[in-house]
Amino acid sequence: MIGSKKIIVVLPAYKAELTLIKTYNEIPFDTVDEVVLVDDNSPDATITVAKELGIKHVIKHDINLGYGGNQKTCYNKALELGGDIIIMLHPDYQYTPKLIHSMSYLIANEVYPVVIGSRILGKGALKGGMPIYKYVANRFLTFSQNLLMNQKLSEYHTGYRAYNRQVLECIDYNANSDDFIFDNQFLAQIFYHGFEIAEITCPTKYFDDASSINFKRSTTYGFGVLKTSLLYFLAKNKILESPLFSKSKWTGK
């Protein structure tokens, strides 16, 4: 907790048996109040490891809902538990939990409502082993998104994100995709509703046990990103309405 702000880390897990312990042990519990792990029907022992670690809030999907579907359950539970700052951390140990302090304080001190860990600021991506084709695709997609959305993020594709409660309450994320494009839709909606996003440099690790999508799914994701950005541009300029960019659940937003 920072001041009166309750901090909850959510772990959207799928086949995290081999990396969950390392991830969990680096979470700074001097600040973090609760951990929520949602297992997306993994075929391994993720649930067993989570319970052995003593994670209090463990949820298992009876069927695989997808990466976006997993996050929806994570955020819904975090809001139910009264979280003021919710941090989404992959339990595959690709991102370091040691940045949780920095991300939390930016939100708790009301500097920014959203903070993301960028692999592109500095040399974290390539140094950490990001495949060249993914790096090139990341740069192309980010350039296209910044152009269409009139923003200046270094990347839109990181899986390390922190939100204040108001952002999650404002945006109807449950109506978004259950697939990987969920992340991108959410960031676009955040900008659409006038929230600002801070970035901090984040080292990353690519290794055999870290989760990653294959080339075919990466291609599908890439086209989805471009579609989301185009819909944002059309909606923002009042050319074409989109359910993705509907009115906020708050009045006045």
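Residues numbered from 1 in each chain as written. Predicted model: local features only at pLDDT ≥ 70, side-chain atom pairs only at ≥ 80, totals over all residues. Heavy atoms only, no water.

All right, on to the overall build of the protein then. A tally of regular secondary structure across the protein gives 9 helices and 7 strands. What you see for the protein is a C-alpha radius of gyration of 17 Å, in line with the 18 Å of a compact globule of 253 residues. For the protein, the spread of C-alpha atoms along the three principal axes comes to 55 × 40 × 35 Å. Sequence separation of 24 or more characterises 76% of the internal contacts of the protein that already satisfy a separation of 6 or more. Counting every atom, the protein has about 11,800 Å² of accessible surface; 55% of that belongs to carbon and sulfur. (Helix = DSSP H or I, 4+ residues; strand = E, 2+ residues; numbered from the N terminus. Rg over C-alpha atoms; globule rule 2.2 N^0.38 Å. Contact = heavy atoms within 4.5 Å. Areas by Shrake-Rupley, 256 points an atom, 1.4 Å probe, with all protein chains shown as cover.)

Core analysis: the largest hydrophobic core is formed by 35 residues, its most contacted members being Val10, Tyr75, Phe186 and Ile190. Among the elements of the structure, strand E1 (7–13), strand E2 (34–39), helix H3 (67–80), strand E4 (85–88), strand E5 (114–118), helix H7 (165–170), helix H8 (182–192) and helix H9 (215–236) are those that each provide at least two residues to this core. In terms of residue count, H8 provides more of this core than any other element does, 6 residues in total. Beyond its immediate sequence surroundings of up to four residues, Val10 is in contact with Val36, Cys74, Tyr75, Ala78, Ile86, Ile87, Met88 and Leu89. Counting 30 residues, the second-largest nonpolar core is a separate cluster that includes Ile2, Val9, Ala108 and Ala198. (Core = buried A, V, L, I, M, F, W, Y, C linked by side-chain atoms within 4.5 Å. Buried < 20%, exposed > 50% of the residue type's maximum accessible area, 1.4 Å probe, protein only.)

Inspection of the entire model under this criterion finds 13 aromatic pairs. Between Tyr156 and Phe191, the aromatic rings sit 6.5 Å apart at their centres with planes inclined by 65°, giving edge-to-face as the arrangement. Linking Tyr156 in the loop between helix H6 (132–149) and strand E6 (161–164) with Phe191 in helix H8, this pair joins segments that are 35 residues apart in sequence. According to the relative accessible area criterion, Tyr156 is buried, its value standing at 1%. Phe191 gets classed as buried once you look at its relative accessible area, which sits at 8%. With centroids separated by 6.0 Å and ring planes inclined at 80°, the aromatic side chains of Tyr192 and Tyr232 adopt a geometry described as edge-to-face. (Phe/Tyr/Trp six-rings, centres within 6.5 Å; stacked < 30°, edge-to-face > 60°.)

Across the 11 residues of H8, 10 count as buried, placing the element largely inside the fold. Here H8 has its buried residues at Phe182, Asp183, Asn184, Gln185, Phe186, Leu187, Ala188, Gln189, Ile190 and Phe191. Remark: Gly194 follows H8 within two positions and exhibits a positive phi of approximately 90°.

Moving on, we come to the pairing of E4. Neither face of E4 is exposed, since Ile85 and Ile87 on one face and Ile86 and Met88 on the opposite face are all buried. As defined by bridge partners, E1 adjoins E4 across 4 bridges and the pair is classed as parallel. Each residue of the ladder has a partner; that of Ile7, found in E4, is Ile85. Bridge count for E4 against E6 is 4 bridges, and the pairing is antiparallel. Note that in E6 the partner of Ile85 across the bridge is Asn164. (Pairing = 2+ DSSP bridges.)

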